[in-house]
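Spelled out from the first residue to the last, the chains are:
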Amino acid sequence: MKACVDIGGTKVAVSLVDDASSGDLPAPMAVRVVEPTVKTGEVDALARQVLALIDTACARVGIERSSLVATGVSSCGPFVLIDDGIEVANPNICGGLAGSPRGIGNAWTHIPLEAPLRAALGRVRIANDAVAALVAERRWGALKGSDNCAYVTWSTGVGVGLCVDGRVLRGKNGNAGHAGHSFVVDGDPAAVCGCGNRGDVESMIAGGSLEHRIGRDAASLMAAAAGGDAQADAAVQRLCEIMGRLLYNLTATLDLQRISLGGSVFLNHSTMLLPRLERELHRYFPALTHGLELRAAGLADKVGDYAALALVCDDR
Ligand SMILES: [Zn+2]
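Residues numbered from 1 in each chain as written. Predicted model: local features only at pLDDT ≥ 70, side-chain atom pairs only at ≥ 80, totals over all residues. Heavy atoms only, no water.

## Considerations on the overall build of the protein chain
Short version of the rule: Numbering of helices and strands runs from the N terminus, with a helix taken as a DSSP run of H or I at least four residues long and a strand as a DSSP run of E at least two residues long. For the radius of gyration, the atoms used are the C-alpha atoms, and the globule rule reads 2.2 Å times the number of residues raised to 0.38. Each residue gets one of three labels from its accessible area relative to the maximum for its type: buried under 20%, exposed over 50%, partly exposed in between, using a 1.4 Å probe on protein chains only.
Tallying secondary structure elements over the protein chain gives 11 helices and 13 strands in all. Against the globule reference of 20 Å for 316 residues, the protein chain gives a C-alpha radius of gyration of 19 Å, in line with a compact fold. Along the first, second and third principal axes, the C-alpha set of the protein chain runs to 60 × 45 × 35 Å. Going through the 316 residues of the protein chain one by one, you find that 51% of them count as buried.

## With respect to the packing of aromatic side chains
Stated formally: Two aromatic rings from Phe, Tyr or Trp, using only the six-membered ring of Trp, form a pair when their centres are within 6.5 Å; if the ring planes differ by under 30 degrees the pair is stacked, by over 60 it is edge-to-face, and anything between is tilted.
This model, assessed by the stated rule, comprises two aromatic pairs. When the centroid spacing of 5.9 Å and the interplanar angle of 70° are considered together, the rings of Trp 140 and Tyr 306 count as edge-to-face. Taken together, the residues Trp 140 in helix α3 (residues 129-140) and Tyr 306 in helix α11 (residues 303-311) connect sequence positions 166 residues apart. Look at Tyr 248 and Tyr 284: their rings are 4.8 Å apart centre to centre, the planes differ by 40°, and that puts the pair in the tilted class. Within this pair, whereas Tyr 248 is found in helix α7 (residues 230-254), its partner Tyr 284 is found in the loop between α9 (270-281) and α10 (286-289), the two being separated by 36 residues in sequence. Across the pair, exposure class does not vary: Tyr 248 and Tyr 284 are buried alike.

## Here's the deal with the domain arrangement of the protein chain
Where the parts come together, the accessible area they lose is often given as the size of the interface. Using the following cut-off: Reported domain spans reflect what an automatic or database domain assignment gives. Pairs of residues are marked as contacts when any of their non-hydrogen atoms sit within 4.5 Å. Take the accessible area each of two parts loses on contact, using a 1.4 Å probe, and add the two losses: that sum is the buried area. Any Lys or Arg side-chain nitrogen found within 4 Å of a carboxyl oxygen on Asp or Glu counts as a salt bridge. Each polar contact in these results corresponds to two N or O atoms within 3.5 Å; when the atoms are within protein, one needs to be able to donate a hydrogen and the other to accept it, and residues that are neighboring in sequence are counted only if both atoms are side-chain atoms.
The domains assigned to the protein chain are domain 1 (2-127) and domain 2 (142-298). Put simply, the middle of domain 1 and the middle of domain 2, counted by C-alpha atoms, are 27 Å apart. Taken residue by residue, the interface counts 10 residues in domain 1 and 11 residues in domain 2. When domain 1 packs against domain 2, the two sides together hide about 620 Å² of surface, and 48% of this comes from carbon and sulfur. Remark: the boundary between domain 1 and domain 2 carries zero salt bridges. Where domain 1 touches domain 2, the interface holds one residue pair in polar contact (both at pLDDT 80 or more). Top contributing element to the side of domain 1 that touches domain 2 by residue count: strand β5 (residues 79-82), with three residues.

## Some details on the packing of helix α1 (residues 45-61) against helix α2 (residues 114-121)
Between two packed helices, the angle of one axis relative to the other and the distance separating the axes together describe the packing. In plain terms, the rule: Axis definition: a line fitted to C-alpha atoms, over the contacting stretch in the case of helices. Angles run 0 to 180 degrees between N-to-C directions. The handedness criterion is simple: a crossing whose near helix is rotated anticlockwise from the far helix by less than a right angle is left-handed, and one whose near helix is rotated clockwise is right-handed.
Across the interface, α1 lies against α2 with an axial gap of 9 Å and an inter-helix angle of 35°. Along this stretch, α1 crosses α2, giving a crossing that reads as right-handed. For the pair formed by α1 and α2, the contact residues are Ala 47, Val 50, Leu 51 and Ile 54 on the first element and Pro 116, Leu 117, Ala 120 and Leu 121 on the second.

## Details of empty space enclosed by the protein
Operational definition: In the cavity and pocket records, a cavity denotes points on a 1 Å grid over the protein atoms alone where a 1.4 Å probe fits but cannot get out, a pocket denotes an open set with protein on both sides within 12 Å along at least 5 of 7 lines, and lining residues are residues with an atom within 4 Å of a point. Grid points are joined across faces, edges and corners, and a volume is the space filled by probe spheres set on the points. Here the nonpolar group is Ala, Val, Leu, Ile, Met, Phe, Trp, Tyr, Cys and Pro; Asp, Glu, Lys and Arg are the charged ones; every other residue, Gly included, is treated as polar.
Counting across every chain of the model gives two cavities of 30 Å³ or more. Taken as a whole, the second largest cavity encloses approximately 50 Å³ of empty space. Along the walls of the second largest cavity sit Cys 4, Val 5, Asp 6, Ala 13, Val 14, Ser 15, Arg 32, Gly 304, Asp 305 and Ala 308, which together make up its complete lining. Within the residue set of the lining of the second largest cavity, elements represented by two or more residues are β1 (2-7), β2 (11-17) and α11. Considering only residue class, the lining of the second largest cavity consists of five nonpolar, two polar and three charged.

## Some remarks on the state of the cysteines
What makes a disulfide is a covalent bond joining the sulfur atoms belonging to two cysteines. Selection rule: Disulfides are defined in this document as cysteine sulfur pairs within 2.5 Å.
Summed over the entire model, instances satisfying the criterion amount to zero disulfides. Unpaired in terms of disulfides, Cys 58 finds its nearest cysteine sulfur in Cys 4, a separation of 11 Å. There is no disulfide at Cys 313, and the cysteine sulfur nearest it, in Cys 4, is 8.2 Å away. For Cys 313, a relative accessible area of 14% puts it in the buried group.

## Topic: α7
The α-helix advances 3.6 residues per turn, and as a result positions three or four apart in sequence lie on the same side. This is how it is decided: One less than the number of residues in a helix, times 1.5 Å, gives the span that helix is expected to have.
With 25 residues, α7 should cover 36 Å at 1.5 Å per step; its first-to-last C-alpha distance of 36 Å lies within 8% of that length. Regarding α7, its N-cap is Asp 229, as a side-chain oxygen of that residue lies 2.9 Å from the backbone nitrogen of Gln 231 further along. Following α7 by one or two positions, Asp 255 has its phi on the positive side, about 55°.

## What to know about the sheet that holds strand β11 (residues 167-168)
How we decide: Only when DSSP finds a minimum of two bridges between them are two strands counted as paired.
Spatial strand order, β11-β10-β9-β12-β13: five strands in an open sheet with mixed pairing. Across the chains shown, the open sheet's two edge strands, defined by having one partner strand only, are β11 and β13 (293-296). Across two bridges, strand β10 (residues 158-164) lies against β11 in antiparallel orientation. From the neighbouring strand, Cys 163 faces β11, where its bridge partner is Val 168. Sitting on the sheet, α7 touches β9 (149-154), β10, β12 (258-262) and β13, and the angle it makes with β10 is about 20°.

## Things to note about unusual backbone geometry
What is expected of a backbone is that most residues other than glycine have negative phi and most peptide bonds are trans. Each neighbour pair has its own omega, and for Gly 77 with Pro 78 the value is -5°, a cis peptide bond. Summarising the element assignment, Pro 78 is placed in the loop between β4 (70-75) and β5. In this structure, Asp 255 is a non-glycine residue whose phi angle is positive, near 55°. Note on placement: Asp 255 falls in the loop between α7 and β12.

The structure is reproduced here in structure tokens:
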């Protein structure tokens, strides 16, 4: 069995998958356990929560933790490298970060992940959740066969995974692709991101910021636009202009061939959003955008479940 760990700001999920399964389709999960992400106690509380969930999952299928072949971890970022081990510095988990919302209940600025998991489990592969999703989309989804591609999630936040010349980009701390925290417009000064930036892409268009910024959530905004509300339609168009600029900037910088789009905001409204994003993207420099393919994520809402598995698919 292989263990797949998905760490988010609100929940941690652990699944076990049969090691023998491989091929064109992702293997079914043998067991899946989920808990709210722990945010109190000692600084290693999250790592201990992951290990406890792994033990629970192993017990359900009657195996020992020591018999796991490999463990893949798809985690929200950003990461910091401390003594060559990945630690998580996410503002929704670490209460001591500048951009953290108040009341998380801890003063952590970064929390150990790789070192304690490696000590307990041996081989562990950890990647940012959007990077892991990119690997999964390249293996099973809409990015199959593409060596120059990106996965973009438009959800509570905005995240990106990147692949150029067949190489998945990671960067000095494993944070390549945090383009949700870049600036593509003169942003609304009232839009504050969890990272502390004002007016970055995530603070302008992510599902988590819409209610605060424009007074309605993504679902009600899209429904109103679909129903012919001109003001809502203009607001959706503005969101697509901003996402379109981000997609263009990625394409111009990296010479991308294909982009897979996922995340709840996009997937729940892809019929409305995909053509608008295509129009936005192709407004810009044709020499760079011609032939670029925008696709809805092939794994759809299962991307998160299979992201961690994709990291350890070739491990035996
Ligand atoms: Zn940000």
